[in-house]
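Each chain, letter by letter, is given below.
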Amino acid sequence: MQTGPTVALIVAAGTGVRSGSSLPKQFAPVAGRALIAHAYAALVGHPGIDRVLVVIGAGQEALLHAAIGEVDFVIGGATRRESVAAGLAVIGDAGRVLIHDAARPFVPAVVVDRLLAALDHAPGAVPVLPVADTLALGGEGLGDVVPRDQLVRVQTPQAFAITAIRDAHAAWNVSAEATDDAQILRAIGMNVAMVEGDIMLDKITYPADFAAAEARAPSTLVSRSASGYDVHRLEAGEELWLGGVLIPHDRGLSGHSDADVALHAVTDALLGTIGAGDIGTHFPPSDPQWRGAESGQFLQHAASLVRAEGGIIDFVDLTLICEAPKIGPHRTAMRARVAALLDLTERQVSIKATTSERLGFTGRQEGIAAQAICTVRVPA
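Residues numbered from 1 in each chain as written. Predicted model: local features only at pLDDT ≥ 70, side-chain atom pairs only at ≥ 80, totals over all residues. Heavy atoms only, no water.

Looking now at the overall build of the protein. Assigned secondary structure in the protein consists of 12 helices and 19 strands. Its C-alpha atoms give the protein a radius of gyration of 27 Å, more than 25% over the compact-globule value 21 Å for 380 residues. Overall size of the protein, expressed as C-alpha extent along the three principal axes, is 85 × 50 × 35 Å. Here the protein, with 380 residues, has 47% of them falling under the buried criterion. Within the protein, residue pairs in contact and separated by at least 24 positions form 70% of the contacts whose partners lie at least 6 positions apart. For the protein, the exposed area adds up to about 17900 Å²; of that, 53% sits on carbon and sulfur atoms. Once the 29 positive and 41 negative side-chain charges of the protein are each reduced to a mean point, those two points are 3 Å apart. (Helix = DSSP H or I, 4+ residues; strand = E, 2+ residues; numbered from the N terminus. Rg over C-alpha atoms; globule rule 2.2 N^0.38 Å. Buried < 20%, exposed > 50% of the residue type's maximum accessible area, 1.4 Å probe, protein only. Contact = heavy atoms within 4.5 Å. Areas by Shrake-Rupley, 256 points an atom, 1.4 Å probe, with all protein chains shown as cover. Lys, Arg positive; Asp, Glu negative; His and termini not counted. Charge placed at Lys NZ, Arg CZ, Asp CG, Glu CD.)

Written as structure tokens, this is what we have:
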């Protein structure tokens, strides 16, 4: 049995050119989270794993932070083998290592259990599945059938005794690149055990694989709704910003920022869906850096917090309460702006307006109020 911590190494340095995504595929979303975020959450939450290290490509730091936040990472190399070697070089006195491809987002805990148990008897272990399809040689036409009774599909994560896999990488001198680390271990004559894999570990490579992964994703998202409310005083000499749109009016809203009550209400509603306080928690009016600030950045910050927790914003409903100005002529522009700030379609944004029948401060045209409700799906 190996002694020392167990480290999981997530290899995420590729560009994913075959995936059809505008992002490297490991940062593309599936089921409300980046691929790598699913894998990271599964491995960091496993009781048998002491540390998770991510290997990314040069220049991908911002993408990693947006997908997961502040995590341990190292910059990889030009090939998968070089990236793994970069990770192995910095994990110190680990006893065992699991090496996993970020393109396999769903990692069942039971497979990790099997791999770690197998290392009690072998220097390496991999999850495998049987081959169900008929296999044949290709080329100009369909060739001979290849017997499949001894063939298996090899998946990741793959588990190794740290000394064995480090020795294997150091000894690798084959001109062709290895497709996985089990191949590198076998090259120095060491045994690789096989454990039962899982269809959840299927790899995402091509555009159609994303739809298949969405269908496989565990149904762990729950719906939440939260409300937001804001009010600001109307004063002469101020600009009137509503819903991210500058509206001509004889007075504007007064506040520490641009006082956009519409965006403030939506911001509070989004923060409420994840229990993240209110707008003043994140952007205190006592902080001079927010004086006159555009409220769109507050809204985008709230949206980023929701998405960082794996949330999906489904719908925004906003009601403005004022006697003047008339909201109708500006509704379309406001709806488009809110949708753009939240990266939603306009069909996911509703903007309404009403008066208070000349009652109260809004009825006296002393100020404008806004109420918002946001509906999101977040991991349970």
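With that settled, consider the packing of helix 8 (residues 261-273) against helix 10 (residues 296-308). Here helix 8 crosses helix 10 at 15°, and the two axes come no closer than 9 Å. The orientation of helix 8 with respect to helix 10, classified from their angle, is roughly parallel. Considering how the two elements wind past one another, helix 8 and helix 10 form a crossing that is left-handed. Here Leu263, His264, Val266, Thr267, Leu270, Leu271 and Thr273 of helix 8 lie close against helix 10, whose contacting residues are Gly296, Phe298, Leu299, Ala302, Ala303, Leu305 and Val306. Residue classes in the contact of helix 8 with helix 10 are distributed as 10 nonpolar, four polar and no charged. (Axes fitted to C-alpha atoms, helices over the stretch in contact; angles between N-to-C directions. Parallel < 35°, antiparallel > 145°, perpendicular 65-115°, else oblique. Left-handed = near helix turned anticlockwise from the far one by under 90°. Nonpolar A, V, L, I, M, F, W, Y, C, P; charged D, E, K, R; others polar.)

As a further point, take the side chain of Asp181. Within the secondary structure, Asp181 is located in helix 6 (residues 181-186). Engagement of the side chain of Asp181 in a polar contact is seen with the side chain of His169, the distance being 2.8 Å. Contact partners of Asp181, with chain neighbours within four places excluded, come to Arg80, Val84, Ile99, Gln158, Phe160, Ile165 and His169. (Polar contact = N/O pair within 3.5 Å; in protein donor to acceptor, adjacent residues only side chain to side chain.)

What follows concerns unusual backbone geometry. Omega for the peptide link from Thr156 to Pro157 comes to 10°, which places this bond in the cis form. Structurally, Pro157 can be placed in the loop between strand 10 (152-154) and strand 11 (158-161). A positive phi angle, near 60°, is found at Gln365, a position not held by glycine. Counting through the fold element by element, Gln365 comes out in the loop between helix 12 (360-363) and strand 19 (367-379). Overall, the relative accessible area of 27% leaves Gln365 in the partly exposed class.

Before going further, it helps to spend a moment on the packing of aromatic side chains. All chains considered together, the criterion is met by three aromatic pairs. When the centroid spacing of 4.8 Å and the interplanar angle of 85° are considered together, the rings of Phe283 and Trp290 count as edge-to-face. Residue Phe283 shares its accessibility class with Trp290, and that shared class is buried. Clustering of aromatic rings is evident, with ring pairs tying together Phe283, Trp290 and Phe298. (Phe/Tyr/Trp six-rings, centres within 6.5 Å; stacked < 30°, edge-to-face > 60°.)

Counting 40 residues, the largest nonpolar core has Leu242, Leu270, Ile313 and Leu342 as its most contacted members. Among the elements that make up this core, the one with the highest residue count is helix 8 (eight residues). Once residues lying within four places of it in the same chain are set aside, the contact partners of Leu242 are Ile247, Leu253, Asp260, Val261, Ala262, Leu320, Ile327, Met334 and Ile368. Grouped together as the second largest cluster of nonpolar side chains are 32 residues, Phe27, Ile49, Val112 and Val195 included. (Core = buried A, V, L, I, M, F, W, Y, C linked by side-chain atoms within 4.5 Å.)

Let's shift gears to the pattern of salt bridges. Proximity of charged atoms lets side chains of opposite charge pair with each other. Throughout the structure, instances matching the rule amount to 10 salt bridges. Of the charged contacts in the structure, one is a salt bridge between Asp101 and Arg80, with a shortest N-O distance of 2.9 Å. Taken together, the residues Asp101 in strand 6 (residues 96-101) and Arg80 in helix 3 (residues 80-88) connect sequence positions 21 residues apart. As a salt-bridge pair, Asp317 and Lys352 come within 2.8 Å of each other at their nearest N and O atoms. Placement of Asp317 in strand 17 (residues 312-321) and of Lys352 in strand 18 (residues 349-354) is noted, with a sequence separation of 35 residues between them. (Salt bridge = Lys/Arg side-chain N within 4 Å of Asp/Glu carboxyl O.)

Moving on to the environment of Gly76. Counting through the fold element by element, Gly76 comes out in the loop between strand 5 (73-75) and helix 3. For Gly76, a relative accessible area of 22% corresponds to the partly exposed category. Taking the C-alpha atoms as reference points, Gly76 and Gly57, 19 residues apart in sequence, are found 5.5 Å from one another. The residues contacting Gly76, other than those within four sequence positions of it, are Val55, Ile56, Ser83 and Ala86.

Looking now at helix 1 (residues 35-44). With seven of 10 residues buried, helix 1 lies mostly within the body of the structure. Buried within helix 1 are the following residues: Leu35, Ile36, Ala37, His38, Ala39, Tyr40 and Leu43.

A few words now on a nonpolar patch on the surface. On the surface, Val152, Val154 and Met194 cluster together to form a nonpolar patch covering roughly 260 Å² of accessible area. By the secondary structure assignment, Val154 is in strand 10. (Patch = residues over 30% accessible without salt bridge, like charges linked within 9 Å, V, L, I, M, F, W, Y side chains within 5 Å.)

Since one α-helical turn is 3.6 residues long, residues separated by three or four positions face the same way. With 13 residues, helix 10 extends 18 Å between its outermost C-alpha atoms, agreeing within 8% with the 18 Å of an ideal straight helix rising 1.5 Å per residue. Turning to helix 10, its buried residues are Gly296, Phe298, Leu299, Ala302, Ala303 and Val306. For helix 10, the arc enclosing every buried residue in end-on projection is 165°, short of the 170-degree limit, so these residues lie on one face. For helix 10, the secondary structure elements touched by its buried residues are helix 8, helix 9 (279-282), strand 17, helix 11 (331-342) and strand 19. (Expected span 1.5 Å × (residues − 1). Arc of directions from axis to C-beta.)

Bringing the side chain of Thr319 into the picture now. Within the element layout of this structure, Thr319 appears in strand 17. For Thr319, the residues in contact, after removing those within four places along its chain, are Lys352, Thr354, Ala369, Ala370 and Gln371.

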